[in-house]
Amino acid sequence: MEIKDFLAQLMAIPGISGNEEAVARVISRAFEPYCQEVRTDRFYNVYGRKVDFIKEGMPRIMVAAHMDEIGLMVSDIDERGFIRFTTVGGVDPRILLAQEVEVHGKRKLFGVIGAKPPHLQRPEDARKAIRIKDMAIDVGLPYERVKELVSIGDAITFVSPLMDLKGQMVSGKSLDDRAGVAVLLETMKELDALRFAADVFFVATVQEEVGVRGATISAYRLEPDIGVAIDVTHGDMPDAPRDETFSMNKGPVIAVGPNMHPKLTQKLMDVAREYGMDYMVEVEPRPTGTDARAIQISRRGVPTILIEIPLRYMHTTVETLNLNTVKQAARLLARFIASLKEDWDEWLSY
Amino acid sequence: MMKELLKKLTEVYGPSGNEEVIRDVIRQEIEGFVDEMRVDTLGNLIAIRRGRGKKVMLAAHMDQIGFMVTHIDEKGFLRFTRVGGISVGNSINRRVIFKNGVTGVISYEGEITDIRDIKFERMYIDIGASGQQQAESMVSIGDVAVYHSTFSENSGRYVGKAMDDRAGCALLIETAKRLQSSPHEIYFVFTVQEELGVRGAKTAAYALDPDIGIAVDVTLTGDTPKSRPMAVKLGGGPAIKVRDVSMLAHPRVRSLMVSRAQEAGIPYQMEILETGGTDAGAIHLTREGIPSGVLSIPCRYVHSDSEMVDASDMENGVKLMLHILEGEIEI
Amino acid sequence: MAELLKRLTEVGGVSGDEGRVRQLIRQEVSPFVDEVYTDRMGNLIAYKKGKGSGKKVMLCAHMDEVGFIITGIGEDGMLKFKVVGGIDPRVLVSKRVLVGEKGHAGVLGIKAIHLQEPEEREHAVKVKQMYIDIGAVSKEEASQAVKPGDYVVFDSKYVEFGDNKVKAKALDDRAGCAAIIELIKQEQRYGFDLYACFSVQEEVGLRGAEVLGYSINPDIAIVVEGTTCSDVPGVDEHLYTTLMGKGPAITIMDGSSYANKELVGMLVNTAKNEGIPFQFKKGASGGNDAGRIHLARKGVKAATVSIPCRYIHSPSSVMDLDDYKNTITLISAFLKGCEL
């Protein structure tokens with residue numbers, strides 16, 4: 001399946017943090033043709049295991065990308081059938097007005113997020129961002145019907161399917177980090193054409209957006225020798241500082257900093273240079289906001305690297321990225337995995 | 001019975017890190033209703049009822065919030081730091097009591113005129129000492145005081161300090177006492193240091209490695225004048241937690257709890273808590289992950305010296321827990 | 001003793017870049033222990049086998065210091081940076097630094113006072129506005145010496161001054177590391193197995209300790225830290241936390257752990273019996289490696305003993321040498337009396 005088709009399929013499936021069962025199923029099926037073994041744990045992390053050579057002492061590698069998306073959740077239903085909600089993950093309340101949503105109750109219900117109309121607001125209020133407690137979802141049904149179909153705790157996702165922009169740019173919700181999951185799939189395909197001596201576990205993790213929880217338990221389960229996280233970082237945007245954002249067509253981003261193993265990161269960059277692959281560098285002074293922060297300190301410690309795809313308008317319904325970067329990241333990762341030889345343990349140690 | 005138990009438990013001393021006394025009281029209450037008991041390294045009390053089915057860990061925390069003495073000045077006034085989530089607003093001019101029975105009043109530096117300027121560094125505890133020497137003979141640096149207030153009841157509502165989480169402890173004790181038969185192995189865990197960051201639960205869960213975890217703790221309500229929106233109310237039944245800051249309840253555990261409540265005709269409410277966490281937050285991320293949920297007791301004025309819970313919520317909470325334990329658990 | 005402190009505090013080792021500290025400590029302790037090794041996060045562990053009780057005692061101090069990391073190079077040759085760990089930005093103005101492996105000299109300058117508007121002087125400078133000047137006049141020239149990802153430390157020498165005082169950077173927690181090294185050098189063998197651990201990345205979230213707690217899983221752990229000493233002008237007496245010169249500070253509770261009461265009792269009794277001055281750390285600020293170690297696996301009994309340091313997390317932190325020596329004496333006596 002083409003990257004774009006896979007992404008489009010994934011993005012259409014609701015999967016807010018804590019409600020990933022449906023996405024996990026689709027990912028599991030997609031991994032199957034490319035892995036020796038695919039498993040799903042009790043929290044719906046999906047593990048696709050891929051080996052080529054079996055060599056004594058070869059590294060056990062965990063490659064993680066998260067499948068959960070940010071979204072909303074039903075917190076109450078008022079007397080007239082309007083649905084009150086709360087956020088799951090880092091949702092900017094300013095994106096919510098006039099959004100189209102799906103409420104996943106006993107049945108999927110289409111709804112819109114509205115608030116007091118502008119001509120009824122006081123002038124001072126109109127200048128402030130509307131707060132979530134002043135918004136409600138209108139599903140166009142009377143109270144009794146809503147009560148039958150919807151419960152507190154039901155998931156609400158945004159309606160924003162994958163859309164083509166010019167060139168290889170695409171836009172939609174949950175590219176953070178379904179694009180990362182697409183990188184996992186592409187890397188498996190790339191590895192089919194390479195020889196490698198590593199026991200690779202591609203893990204689509206859950207609940208990253210609420211505190212890298214899926215990565216915490218899956219890293220504990222796998223006890224890997226090496227960890228790789230694939231996530232997104234900020235693409236350049238007109239109103240964002242230049243030194244905090246990255247170009248959309250200079251390849252993937254490699255992170256450096258205390259959360260990353262310096263020698264492993266250097267090796268990744270060497271591989272990129274050897275194959276003439278573009279990449280940029282992001283300096284992270286703190287534990288990163290990705291699965292890498294959980295993986296590195298799991299059990300006895302895991303040397304970890306982080307590869308990111310520049311993404312504009314993160315955590316909105318119009319997240320935008322360059323599909324080429326997804327391919328480039330996969331190619332880089334596959335070559336990196338293939339480059340690890342028997343002495344990986346020696347040059348990696350401190 | 002529940003009323004007497006709650007009165008007893010809420011009036012026992014036991015701030016975070018100093019749970020010895022409350023642990024002994026709970027131990028005495030539950031003795032005879034479980035097969036074995038032990039205390040682990042951090043001080044958690046683990047009471048086990050053996051069984052062959054699923055390993056079920058139930059957790060309620062023994063510790064309450066308090067005030068730790070950090071300094072005794074020349075005039076005998078005590079400076080303090082928080083132990084757990086104490087707020088300035090809940091402390092002004094409240095009465096407190098130390099383990100040895102010394103009582104005191106919390107107040108703030110007199111030159112402050114705006115209540116918003118009051119910070120903990122500008123507050124003190126007055127134990128009525130005549131000077132530094134006398135104060136030092138009454139208390140020491142490191143001693144922890146708790147709210148000094150008594151248990152009372154009005155029309156089916158109980159008010160007292162430390163309902164968070166002695167109400168949870170009471171619910172588990174009652175459950176142990178009334179449980180007739182269960183196929184499962186049940187760990188009644190009375191945890192320490194929850195108020196400092198769900199610490200006891202983390203190590204207890206690691207040691208027990210259960211198949212499922214259910215914490216029992218209080219939650220807020222949205223039923224007081226102009227309260228922050230929340231669909232939970234006193235008397236609406238035990239609350240089944242959907243999520244809070246520390247955890248998204250496992251969907252299978254949530255639906256198990258809902259089914260059992262519906263089957264047995266027990267009133268229940270679904271709960272979303274915007275601030276705060278419970279022991280389940282630590283339990284579910286242990287080892288390879290433990291599917292977990294929370295049975296919450298609706299409570300007004302949490303972390304004040306007068307927390308209020310509803311008698312029927314407590315009774316229905318016990319009924320729900322019994323029904324869950326007596327049936328099959330498929331996750 | 002002063003020699004070791006000097007070398008340890010002057011070496012550069014920001015969180016994530018502890019290699020030089022690790023090397024130095026490894027050389028110091030190797031002759032005195034049975035095994036020295038590093039783990040997968042870069043923690044250094046020095047193991048001294050016991051006489052057979054099979055119990056494990058862990059001593060722990062962190063190797064990393066707060067500092068900076070280069071995030072970019074401007075066209076004008078100026079370096080942009082971010083802070084690693086917690087530093088009050090106001091401390092940075094007008095200081096000297098050393099950049100990268102080779103320690104290229106740099107300065108954190110600020111617009112000359114003559115060119116400032118009066119209101120500007122009222123506002124603290126933010127890190128986003130700051131830059132490091134290594135004297136390069138172009139991006140090309142700067143790039144020959146440094147690159148994004150290079151770590152930066154304060155340029156601050158070890159100085160003994162005043163009444164038995166020491167000024168240096170990174171007393172938090174090279175003083176702790178030095179204290180543990182001195183303890184190892186005492187060539188004492190105990191009933192228990194001793195694990196002297198030098199952790200990484202404490203300043204960015206107690207990360208090395210998390211891994212150490214899990215791998216070593218000791219019976220008891222004593223963390224040796226450098227802690228806040230705020231007995232300075234402008235601070236109310238009850239907020240001093242510790243007092244300089246009053247001996248090692250024993251923690252009752254801090255932001256990351258409630259010290260095990262049994263261990264605290266043993267430490268206090270040891271101090272009283274041996275006539276070693278000590279104080280309690282008053283106030284529950286801050287966190288340290290004990291925060292993660294005590295929650296490892298099934299739980300570990302842990303306590304913290306700290307050396308009071310004024311102006312902590314600045315290039316000029318100050319410690320009293322007697323407090324430092326008494327910390328070593330206290331822990332040494334505690335270990336000898338420990339019947340594990």
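All values derive from a computational prediction rather than experimental measurement.

## Section: the overall build of chain A
Of regular secondary structure, chain A possesses 10 helices and 17 strands. A globule of 350 residues ought to have a C-alpha radius of gyration of about 20 Å, and chain A, at 21 Å, matches this closely. For the C-alpha atoms alone, the extent of chain A along its principal axes is close to 70 × 40 × 35 Å. For chain A, the proportion of its 350 residues judged to be buried stands at 52%. Taking as baseline every contact in chain A between residues at least 6 positions apart, the subset at least 24 positions apart corresponds to 75%.

## Quick notes on the overall build of chain B
The secondary structure content of chain B amounts to eight helices and 18 strands. If you line up chain B on its principal axes, its C-alpha atoms span 65 × 45 × 40 Å. Within chain B, the proportion of its 331 residues that are buried is 56%.

## Regarding the sheet that holds strand β10 (residues 152-154) of chain B
Residue and element names in this part refer to chain B. One open sheet accounts for three strands, arranged β10-β11-β18; its pairing is antiparallel. With one partner strand each, in any of the chains shown, β10 and β18 (307-310) form the two edges of the open sheet. Within the sheet, the average angular offset between the axes of one strand and its neighbour, ignoring direction, is 25°. As paired elements, β10 and strand β11 (residues 157-160) share three bridges and run antiparallel to each other. Bridging from a neighbouring strand, Asn 154 pairs with Arg 157 of β11.

## A closer look at the sheet that holds strand β17 (residues 319-322) of chain A
Residue and element names in this part refer to chain A. Reading across the sheet, the three strands line up as β10-β11-β17 and stay open at both edges, with antiparallel pairing between neighbours. With one partner strand each, in any of the chains shown, β10 (163-164) and β17 form the two edges of the open sheet. Pairing geometry for β10 and strand β11 (residues 169-172), over two bridges, is antiparallel. Paired with Met 163 across the bridge in β11 is Ser 171.

## Looking at the environment of B:Leu285
All names here are of chain B. Within the element layout of this structure, Leu 285 appears in the loop between α7 (279-283) and β17 (292-298). Leu 285 gets classed as buried once you count the C-beta atoms within 10 Å, which come to 25. For Leu 285 and Asn 154, which are 131 residues apart along the polypeptide, the C-alpha to C-alpha distance reads 40 Å.

## Considering the interface of chain A and chain B
Listed by partner, the interface residues are 22 residues for chain A and 15 residues for chain B. Elements supplying a minimum of two residues to the side of chain A that touches chain B: β4 (71-77), β5 (83-88) and α6 (213-222) of chain A. Ranked by residue count, the leading element in the side of chain A that touches chain B is α6(A), at five residues. Among the residues making up the side of chain A that touches chain B, the classes are represented as six nonpolar, nine polar and seven charged.

## Digging into the domain arrangement of chain B
Residues and elements named next belong to chain B. The domains assigned to chain B are domain 1 (2-64 + 161-326) and domain 2 (66-147). Between domain 1 and domain 2, the C-alpha centre-to-centre distance is 31 Å. Each side of the interface is counted separately: domain 1 has 12 residues, and domain 2 has 12 residues. Split by residue class, the side of domain 1 that touches domain 2 holds three nonpolar, six polar and three charged.

## Brief notes about helix α4 (residues 171-185) of chain C
Helix length check: α4(C) (15 residues) gives 20 Å between terminal C-alpha atoms against 21 Å at 1.5 Å per residue, within 8%. Looking one or two residues beyond α4(C), the residue adopting positive phi is C:Glu187, at roughly 55°.

## Let's talk about the packing of helix α1 (residues 3-11) of chain A against helix α5 (residues 175-192) of chain A
Residues and elements named next belong to chain A. One can describe the packing of α1 onto α5 by two numbers: an axis separation of 10 Å at closest approach and a directional angle of 135°. Between α1 and α5, the crossing angle belongs to the class labelled oblique. Classified by chirality, the crossing of α5 by α1 is right-handed. For the pair formed by α1 and α5, the contact residues are Ile 3, Phe 6, Leu 7, Leu 10 and Met 11 on the first element and Arg 178, Ala 179, Val 181, Ala 182, Leu 185 and Glu 186 on the second. Its residues assigned to classes, the contact of α1 with α5 comprises nine nonpolar, no polar and two charged.

## Considerations on the domain arrangement of chain A
Residue and element names in this part refer to chain A. The domains assigned to chain A are domain 1 (3-69 + 173-348) and domain 2 (71-158). Centre-to-centre separation of domain 1 and domain 2, based on C-alpha positions: 33 Å. Tallying the contact residues gives 11 residues for domain 1 and 13 residues for domain 2. A breakdown of the residues in the side of domain 1 that touches domain 2 according to their chemical character gives three nonpolar, five polar and three charged.

## Some details on the environment of B:Gly200
Residue placement: B:Gly200 occurs in helix α5 (residues 199-208). Contact partners of B:Gly200, with chain neighbours within four places excluded, come to B:Leu42, B:Gly43, B:Asn44, B:His61, B:Thr191, B:Val192, B:Gln193 and B:Glu194.

## Observations regarding the confidence of the model for chain B
In this model, chain B carries an average pLDDT of 97, and 100% of its residues clear a pLDDT of 70 or more. The complex model carries a pTM of 0.95, and its ipTM stands at 0.94.

## As for helix α6 (residues 251-263) of chain B
All names here are of chain B. For α6, with 13 residues, the first-to-last C-alpha span of 18 Å sits near the 18 Å given by 1.5 Å per residue. Three or more residues of α6 are buried, namely Pro 251, Val 253, Arg 254, Leu 256, Met 257, Arg 260 and Ala 261. Those residues of α6 that are buried lie in contact with β13 (212-219), β14 (239-244), β17 and α8 (311-326). Among the residues trailing α6, Gly 265 stands out with phi positive, at a value near 60°.

## Focus: the environment of B:Val39
Residues and elements named next belong to chain B. Considering the arrangement of structural elements, one finds Val 39 in strand β1 (residues 36-39). A tally of 15 C-beta atoms within 10 Å means that Val 39 is categorised as partly exposed. The sequence separation of Val 39 and Ala 204 amounts to 165 residues, and the corresponding C-alpha distance is 9.9 Å. In this structure Val 39 touches Asn 44 and Leu 45, once residues within four positions along its chain are discounted.

## Focus: unusual backbone geometry
In this model, B:Asp164 is joined to B:Asp165 through a cis peptide bond whose omega is 5°. For B:Asp165, the location among the structural elements is in helix α4 (residues 163-178). A positive phi angle, close to 60°, is found at A:Tyr313, a residue other than glycine. Examined against the element boundaries, A:Tyr313 turns out to sit in the loop between β16 (304-311) and β17.

## Re the pairing of β4(A)
Residues and elements named next belong to chain A. The element β4 is largely enclosed, with a buried count of six among its seven residues. As paired strands, β4 and β5 are joined by six bridges and run antiparallel to one another. Bridging across to β5, Val 74 finds its partner in Phe 85. Counting the residues between successive antiparallel strands, the hairpin from β4 to β5 contains five residues, one of them, Gly 81, with a positive phi of roughly 90°. In this sheet, strand β9 (residues 155-158) lies alongside β4 in antiparallel orientation, the contact comprising two bridges.

## Things to note about the packing of helix α1 (residues 2-10) of chain C against α4(C)
Residues and elements named next belong to chain C. It is at 9 Å that the axes of α1 and α4 come closest, and there the two elements cross at 140°. With respect to their mutual orientation, α1 and α4 come out oblique. For the crossing formed where α1 meets α4, the hand is right-handed. Each of Leu 4, Leu 5, Leu 8 and Thr 9 in α1 lies in contact with α4, whose residues at this interface are Leu 171, Arg 174, Ala 175, Cys 177, Ala 178 and Ile 181. In terms of residue class, the contact of α1 with α4 is made up of eight nonpolar, one polar and one charged.

## Structural notes on the pairing of strand β15 (residues 280-283) of chain A
If a strand is regular, its side chains alternate between the two faces of the sheet. Residue and element names in this part refer to chain A. In the sheet, strand β14 (residues 253-256) pairs with β15 via four bridges, with the strands oriented parallel. If you follow Ala 255 over to β15, its bridge partner there is Glu 282. Viewed along the sheet, the connection from β14 through helix α7 (residues 262-274) into β15 turns out right-handed.

Parameters and conventions
Residues numbered from 1 in each chain as written. Chains lettered and ligands numbered in written order. Predicted model: local features only at pLDDT ≥ 70, side-chain atom pairs only at ≥ 80, totals over all residues. Helix = DSSP H or I, 4+ residues; strand = E, 2+ residues; numbered from the N terminus. Rg over C-alpha atoms; globule rule 2.2 N^0.38 Å. Buried ≥ 20, exposed ≤ 12 C-beta atoms within 10 Å, placed from the backbone. Contact = placed C-beta atoms within 7 Å. Pairing = 2+ DSSP bridges. Axes fitted to C-alpha atoms, helices over the stretch in contact; angles between N-to-C directions. Nonpolar A, V, L, I, M, F, W, Y, C, P; charged D, E, K, R; others polar. Domains from an automatic or database assignment. Expected span 1.5 Å × (residues − 1). Parallel < 35°, antiparallel > 145°, perpendicular 65-115°, else oblique. Left-handed = near helix turned anticlockwise from the far one by under 90°. pLDDT = per-residue confidence, 0-100. Right-handed = clockwise from strand over helix to strand, strands pointing away.

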